[in-house]
Amino acid sequence: MDEKARSIGKRTKCRNVSCRAMGSLALIPFLLLLSSCATLGQDWAGGEVLSSLQPFGREAPLDFSAVEDVMAEVGRAAVREPGDGQPWSLYLPVFADATSPCGVAVAAMASALEGSVSQMRDMLGVLQMVDSWAKVRDGFLYGLPIVMGVGSYDECLHARAPNLGITGKYCIIVYHDDPGYNGTRTKIDDMLRVAQASANVKIGLFTQYSTCIPDVCSEEDMAKSLSVAVGGRKVADVYCQTLDEAPEFTAADIAMISFLSVMLALMAAGTVADLYLRANSTAPATGVRFLLPFSPYTNLEKMFHVTTESRPGVISCLHGMRVLSMTWVIVGHQYSFDISFLVNLLHLGKWTSGLLFQTIFNATVSTDSFFFLSGLLVTYGVLREIKRTGKLNIIMYYVHRLIRLTPPIALVVLFAATLFRFLPWGPLAFGADSYSTMCSQNWWMDVLYVDNFLGIDKVTNEALDCLGQCWYTAVDTQLYLVAPLVLLPLAFYPSKGKILLFLVTLVSFIVPAAVIYAYDLPPGSISAGADEVDAIGYQNMVYFTPWCRMSAYIVGIWTGHIIFEQGSNKLKLTPVQVLTGWTVAAFSALSVLFGLWSYNQLQTTYYYDPVTQVLYGGLHRGVWCAALAWVVVACHFGYGGVVNDFLSHPSWQPLSRLTYSMYLVAIPVQIFWAYSLKELTYFTHIDKVIQACGTIFISIVVAVLVSLTAEAPVLGLEKLIFRRPGRGEDNLKATALANGKQGHDNPAFSNEGPAELEKKEMVEIETRPSADAESSLHQDPEAKETTEL
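Just so we're clear, the structure is a prediction, and the values are computed from it rather than from any experiment.

Our focus in this paragraph is the state of the cysteines. Within the structure shown, the criterion is met by four disulfides. Shown here is the disulfide that connects Cys-102 with Cys-217, its sulfur atoms set 2.1 Å apart. Where Cys-102 bonds to Cys-217 through sulfur, the torsion about that S-S bond is close to 100 degrees, and the disulfide is right-handed. With Cys-102 in helix H7 (residues 101-113) and Cys-217 in the loop between strand E3 (207-214) and helix H10 (219-229), this pair connects stretches of sequence that are 115 residues apart. The two residues Cys-102 and Cys-217 agree in class, both being buried. Cys-439 shares a disulfide with Cys-466; S-S distance 2.0 Å. The sign of the 80 degrees torsion about the S-S bond sets the Cys-439-Cys-466 disulfide as right-handed. Placement of Cys-439 in helix H19 (residues 430-447) and of Cys-466 in the loop between helix H20 (451-454) and helix H21 (471-482) is noted, with a sequence separation of 27 residues between them. You'll find Cys-439 and Cys-466 in the same group, each marked buried. Not part of a disulfide, Cys-635 finds its nearest cysteine sulfur in Cys-317, a span of 4.7 Å.

Applying the stated criterion across every chain yields a total of eleven salt bridges. In this structure, Lys-224 engages Glu-220 in a salt bridge whose closest nitrogen and oxygen atoms are separated by 3.0 Å. With a gap of four residues between them, Lys-224 and Glu-220 both fall in helix H10, about one helical turn apart. Given a relative accessible area of 53%, Lys-224 falls into the exposed group. Between Lys-688 and Asp-338 there is a salt bridge whose closest N-O contact spans 2.5 Å. Remark: Asp-338 occurs in the loop between helix H14 (317-334) and helix H15 (348-352) and Lys-688 occurs in helix H30 (residues 685-721); sequence separation between them is 350 residues. On the basis of relative accessible area, Lys-688 is assigned to the buried category, the value being 2%. Its relative accessible area of 1% is what places Asp-338 among the buried residues. Among the ionic contacts, a cluster of salt bridges with common partners joins Asp-274, Arg-278 and Glu-301.

Quick look at the packing of helix H18 (residues 394-417) against H21 now. One can describe the packing of H18 onto H21 by two numbers: an axis separation of 11 Å at closest approach and a directional angle of 175 degrees. In terms of axis orientation, H18 runs roughly antiparallel to H21. When H18 is examined against H21, the residues Tyr-397, Tyr-398, Arg-401, Leu-405 and Ile-409 are found in contact with a partner set consisting of Thr-473, Asp-476, Thr-477, Tyr-480 and Leu-481. Of the residues belonging to the contact of H18 with H21, the class tally is six nonpolar, two polar and two charged.

Running from N to C, H14 and helix H27 (residues 610-636) cross one another at 145 degrees; their axes reach a closest spacing of 10 Å. For the pair H14 and H27, contact is made by Cys-317, Leu-318, Met-321 and Trp-328 and by Trp-624, Leu-628, Val-631, Val-632 and Cys-635, respectively. Across the contact of H14 with H27, the residue classes tally to nine nonpolar, no polar and no charged.

To continue, consider the environment of Leu-467. Among the structural elements, Leu-467 can be located in the loop between H20 and H21. The spatial distance from the C-alpha of Leu-467 to the C-alpha of Val-413 is 6.7 Å, given a sequence separation of 54 residues. If we ignore the near neighbours within four places in the chain, the residues touching Leu-467 are Ile-409, Val-412, Val-413, Tyr-435, Asp-446, Asp-451, Leu-664 and Pro-668.

Further remarks concern the environment of Leu-590. By the element assignment, Leu-590 lies in helix H26 (residues 575-594). Expressed as a C-alpha distance, the spacing of Leu-590 and Thr-359, which sit 231 residues apart in the sequence, is 9.6 Å.

A contiguous nonpolar surface patch, about 650 Å² in accessible area, is contributed by Leu-414, Trp-443, Trp-444, Leu-448, Phe-453, Leu-454 and Trp-547. If you list the elements that add at least two residues to the nonpolar patch, you get H19 and H20. Within the secondary structure, Trp-547 sits in helix H25 (residues 546-566).

Moving on to helix H22 (residues 484-492). Each full turn of the α-helix corresponds to 3.6 residues, which orients residues three or four apart in the same direction. Where H22 is concerned, the buried positions are Pro-484, Val-486, Leu-487 and Leu-490. Down the axis of H22, the buried side of the element spans an arc of 160 degrees, and every buried residue falls inside it. In this structure, the buried residues of H22 make contact with helix H17 (365-389), H18, H21, helix H23 (494-518) and H25.

As a further point, take unusual backbone geometry. You will see that Tyr-449, though not glycine, has its phi angle at about 60 degrees, which is positive. Residue placement: Tyr-449 occurs in the loop between H19 and H20. We classify Tyr-449 as buried; its relative accessible area is 7%.

How each quantity is defined
Residues numbered from 1 in each chain as written. Predicted model: local features only at pLDDT ≥ 70, side-chain atom pairs only at ≥ 80, totals over all residues. Heavy atoms only, no water. Disulfide = S-S within 2.5 Å. Helix = DSSP H or I, 4+ residues; strand = E, 2+ residues; numbered from the N terminus. Buried < 20%, exposed > 50% of the residue type's maximum accessible area, 1.4 Å probe, protein only. Salt bridge = Lys/Arg side-chain N within 4 Å of Asp/Glu carboxyl O. Axes fitted to C-alpha atoms, helices over the stretch in contact; angles between N-to-C directions. Parallel < 35°, antiparallel > 145°, perpendicular 65-115°, else oblique. Contact = heavy atoms within 4.5 Å. Nonpolar A, V, L, I, M, F, W, Y, C, P; charged D, E, K, R; others polar. Patch = residues over 30% accessible without salt bridge, like charges linked within 9 Å, V, L, I, M, F, W, Y side chains within 5 Å. Areas by Shrake-Rupley, 256 points an atom, 1.4 Å probe, with all protein chains shown as cover. Arc of directions from axis to C-beta.

Note that every value here comes from positions in space, so none of it alone points to a role or purpose.
Here is the structure:
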């Protein structure tokens with residue numbers, strides 16, 4: 001080794017030869033330099049190590065002969081004895097049995113680095129494996145210190161030393177504290193440092209980096225070797241991948257593939273039958289009727305049909321409101337999905353401290369928009385049905401709810417529990433296995449609509465449910481179940497029903513305020529802030545509970561009742577009233593969005609006062625929906641102006657029909673994106689917007705597939721099996737004649753041929769009376785008004 005290499009090695013002030021040698025080796029990850037002196041708890045001063053980096057910037061690069069000398073010394077030290085501080089033990093299973101295939105391969109790598117191989121191809125393959133190891137990245141202290149890096153994934157997998165029989169195997173190593181360790185912990189154990197950070201504080205933090213080992217070494221070999229290397233103070237989870245790794249299908253995977261194959265065959269058969277009947281204008285046989293609901297030809301045609309003419313009784317502004325709310329949900333989620341892998345984490349406070357970013361921090365009110373829409377449409381549909389028939393078919397009211405919502409949830413959650421883990425491919429793909437395992441264990445929470453109560457571990461605060469977003473469907477279903485207790489008195493005893501509704505409204509505002517005050521919770525979904533802010537407690541006791549979220553639903557009930565009572569009569573408002581309504585609505589909505597700006601920041605030093613805590617916490621969700629109520633009423637009765645022109649534009653209709661399926665698949669799409677990352681990410685707003693646009697597009701495509709597989713066919717079969725509430729001659733009299741074609745009807749539901757059906761230009765009113773608002777919203781795809789999303 002030349003003098004330059006020795007001088008650099010001395011300035012590192014490490015206590016062993018291997019550390020001094022590696023101080024000048026650019027090809028070996030800088031992670032080795034730090035960990036060699038700190039792994040086993042040796043004295044280490046961060047300032048001294050950082051100061052040792054200064055010569056690298058001032059002196060000329062090392063010549064190749066110096067690098068060769070250092071490589072040889074590193075190679076000789078690769079297989080070592082415990083306790084000498086050799087850092088290779090963090091990257092290779094050096095404590096594996098020397099006579100095992102793994103031990104032999106590690107020794108061969110060491111020999112190659114010593115220069116003992118004659119083939120340059122073998123040397124290059126070993127160097128590629130070492131070069132692919134996770135390095136301390138530029139700006140390490142500016143990012144998240146618990147994730148060191150992901151290394152070079154593709155370089156590792158393609159590394160080959162054919163004459164040595166070595167092929168690269170990419171591994172992610174995740175460290176966390178061993179709760180059973182009783183030894184002495186050194187000061188270094190308490191520092192967030194490279195490769196051995198002690199950061200597991202019951203909130204899922206961990207230390208993570210990557211390495212590349214010979215493919216004959218197993219995950220167990222690496223984990224056992226790491227346990228020896230760190231003296232038992234840490235537990236290492238190892239997740240490895242190889243280039244030619246064959247998928248291993250379980251019985252559940254095969255069952256899911258079989259189910260999807262059967263559904264594909266039914267859709268293909270349904271399309272053939274559908275096209276044949278259309279071409280020949282013949283009525284379907286009884287057996288064929290049950291095949292036609294699977295036809296993507298008819299279902300797609302209705303799904304993307306656009307109605308341009310206005311129709312009485314249709315609340316057309318809900319289309320745009322629903323799509324915009326769904327977009328808001330996706331954008332809000334997109335900001336959080338890669339936060340664990342940001343290289344500029346410390347800059348996040350500056351990026352998110354602006355006033356306008358409150359639209360992201362407060363994106364949770366977008367779910368209140370959907371609660372509002374659900375309450376509105378359920379109320380409007382039920383009241384119209386009772387007026388038409390004089391009764392409510394309570395059995396079908398509940399049955400259709402389950403038929404409408406459960407199949408898409410079941411399809412998505414079972415796919416996530418089985419085949420989803422095969423989709424991501426990259427350094428972080430191991431997370432997909434954990435996700436699928438959790439889904440396979442807890443899929444029933446989503447299907448039974450109880451994950452808002454059981455989806456969070458009350459001790460560790462870890463998520464347990466598969467589709468975390470289904471807390472909404474659970475809460476909405478629970479509110480839907482009890483809605484008749486308010487709607488039936490409102491329909492049969494209007495005066496007493498209004499008094500009851502008024503009392504329930506007061507309760508809906510008082511309950512969340514009381515819970516927040518009693519448990520000293522934040523007034524809203526605070527994203528960060530002071531340590532004393534119990535954000536997790538707010539989620540469990542307020543955000544996920546139906547009794548604290550019902551104010552939005554109740555405001556929707558009031559709105560549906562007002563529109564029903566007004567009927568087709570023109571609502572007469574003076575210009576002053578209209579201006580006042582829009583002004584108050586705008587001010588109220590802006591107050592909800594930006595009212596917590598002083599508190600809802602990542603690095604806030606403010607603590608909310610009791611008045612803000614109670615008033616904002618109890619009122620803000622209901623006030624937000626009251627502003628939406630004005631928008632709906634004003635637009636529906638002709639006082640919306642350009643707002644109504646925008647929200648009621650026909651182009652919203654196809655996407656509006658897909659929002660429920662989009663809601664179910666958007667987060668799995670975002671999880672897939674996060675687990676497919678090949679590099680750590682850099683946070684900027686423009687990147688988030690671009691990512692959100694990609695998520696929205698892919699979610700639309702996947703939502704179409706989910707709707708064709710588990711939504712449209714099930715609804716079609718329901719129409720054949722049950723006499724749906726609101727159908728029949730009485731209901732036909734309640735329909736309106738249209739001036740233009742409204743798309744093809746499915747011949748499964750008529751004895752007439754498709755040609756005769758196509759000549760009928762009958763439009764079923766979107767919010768027609770029925771015993772179940774969702775029946776009125778989904779019995780014809782072109783008239784969908786999903787009460788969910």
